[in-house]
Every structure is written in structure tokens, then in C-alpha cells.
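So you can see what is in the structure, the chains are spelled out below.
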Amino acid sequence: MSGIIKKLGEAELEIMQVIWSSENPVTSNYILKELQGRRKWQLSTLMTSLARLSDKGFVCCDRSTGSNLYTAIVPENEYKAGASRSFLEKLYNNSIQNMIATLYSDKAIKHSDVEELRKFLDEIEEEHSGKEEK
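Residues numbered from 1 in each chain as written. Predicted model: local features only at pLDDT ≥ 70, side-chain atom pairs only at ≥ 80, totals over all residues. Heavy atoms only, no water.

On to the pattern of salt bridges. Applying the stated criterion across every chain, the model contains 7 salt bridges. When the shortest N-O distance is used, the salt bridge between Glu76 and Lys80 registers 3.1 Å. Taken as a pair, Glu76 and Lys80 lie in helix α4 (residues 76–92) at a separation of 4 residues, close to a single helical turn. Judged by relative accessible area, Lys80 falls into the partly exposed class, the value being 41%. One network of salt bridges, in which partners are shared, links Glu10, Glu14 and Arg39. (Salt bridge = Lys/Arg side-chain N within 4 Å of Asp/Glu carboxyl O. Helix = DSSP H or I, 4+ residues; strand = E, 2+ residues; numbered from the N terminus. Buried < 20%, exposed > 50% of the residue type's maximum accessible area, 1.4 Å probe, protein only.)

To continue, consider the side chain of Glu12. Its place among the elements puts Glu12 in helix α1 (residues 10–21). The residues contacting Glu12, other than those within four sequence positions of it, are Lys7, Arg52, Leu53 and Lys56. (Contact = heavy atoms within 4.5 Å.)

As enumerated under the stated definition, the model contains 3 aromatic pairs in all. With 5.7 Å between their ring centres and 75 degrees between their planes, Phe58 and Tyr79 make a pair best called edge-to-face. Linking Phe58 in the loop between α3 (43–55) and β1 (59–62) with Tyr79 in helix α4, this pair joins segments that are 21 residues apart in sequence. In terms of burial, Phe58 and Tyr79 fall into one category: buried. Within the aromatic cluster, the residues linked to one another by ring pairs are Trp20, Phe58 and Tyr79. (Phe/Tyr/Trp six-rings, centres within 6.5 Å; stacked < 30°, edge-to-face > 60°.)

Before going further, it helps to spend a moment on a negative patch on the surface. Residues Asp122, Glu123, Glu125, Glu126 and Glu127 make up a contiguous surface patch of negative charge. Along the chain, Asp122 turns up in helix α6 (residues 111–133). (Patch = residues over 30% accessible without salt bridge, like charges linked within 9 Å, V, L, I, M, F, W, Y side chains within 5 Å. Areas by Shrake-Rupley, 256 points an atom, 1.4 Å probe, with all protein chains shown as cover. Lys, Arg positive; Asp, Glu negative; His and termini not counted. Charge placed at Lys NZ, Arg CZ, Asp CG, Glu CD.)

Let us look at the packing of α4 against helix α5 (residues 96–105). Contact geometry for α4 and α5: axes closest at 9 Å, N-to-C directions at 70 degrees. Our classification of the angle between α4 and α5 gives roughly perpendicular. Judged by residue contacts, Phe87, Leu88 and Tyr92 of α4 engage Ile96, Asn98, Met99 and Thr102 from α5. (Axes fitted to C-alpha atoms, helices over the stretch in contact; angles between N-to-C directions. Parallel < 35°, antiparallel > 145°, perpendicular 65-115°, else oblique.)

Geometric values such as these leave the question of function open.
Pasting the structure below:
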């Protein structure tokens with residue numbers, strides 16, 4: 001899917017996370033059960049949100065089986081990548097360095113987190129340079 005992906009509200013994101021985490025299409029009752037403890041919703045509230053997600057192009061509903069089965073149209077990684085880019089642009093002037101510096105100076109991330117990030121970046125770099133040599 002190309003183009004701009006619409007933003008999800010907090011409740012919509014929670015619904016999508018339930019759908020993304022399931023390998024198979026899910027019913028509205030399954031989603032409602034999975035959201036228990038996080039949302040005190042009636043089925044009608046969930047159905048309104050699912051209709052909105054369908055209008056936004058995030059889910060499709062298969063009605064051919066007798067029960068509505070919901071499937072994600074937008075893959076989780078695609079949404080997260082777009083949301084991350086938007087977040088970086090809006091809050092940190094498109095700079096990962098600015099984001100990390102802010103989090104580190106506010107002690108939102110610890111030295112051990114920075115070490116973990118450094119190791120991760122080294123692994124990515126090694127993987128990338130290995131592909132170029134082939």
C-alpha cells in the first residue's frame with residue numbers, strides 16, 4: 001500500500017494490535033474479549049470503531065461466513081514505519097539523534113539502553129556491509 005496512511009487514534013490502535021497479533025481473521029467478539037481490562041466497551045462501541053477502521057482502509061470485513069471476520073489491510077510494520085517517521089518529523093525535526101539525546105538527558109533511557117542500541121546498530125551495519133560485498 002503506497003501513499004499516506006491515516007493516523008490511528010489510541011483505541012483504534014489497540015483494536016489493530018489485536019487484529020495484527022492474530023494469524024487468522026477475527027470476529028468482533030474475539031476483539032472485545034481481547035480488549036477486556038483495557039477498554040470497558042459494549043459491542044456497539046467496538047462495531048462503530050471497526051466501521052471507522054474500515055472507512056480509513058485499515059481493515060476489511062468478510063461477511064460471507066455468516067459472522068463478520070476482520071482482517072488487517074495495512075500491515076503492522078508499514079503502519080509503525082509511517083507513524084515513526086511522522087513522530088520524528090513533528091517532534092524532533094526528523095533527527096533520531098535529537099530524539100535519543102532528549103530521552104537520554106531526561107533519563108527516560110538508561111546507559112544500558114544506549115549500549116543495547118549501539119550493539120543493535122553495529123549488527124545492522126555488519127549485516128548491511130555483508131550484503132554489499134556479495
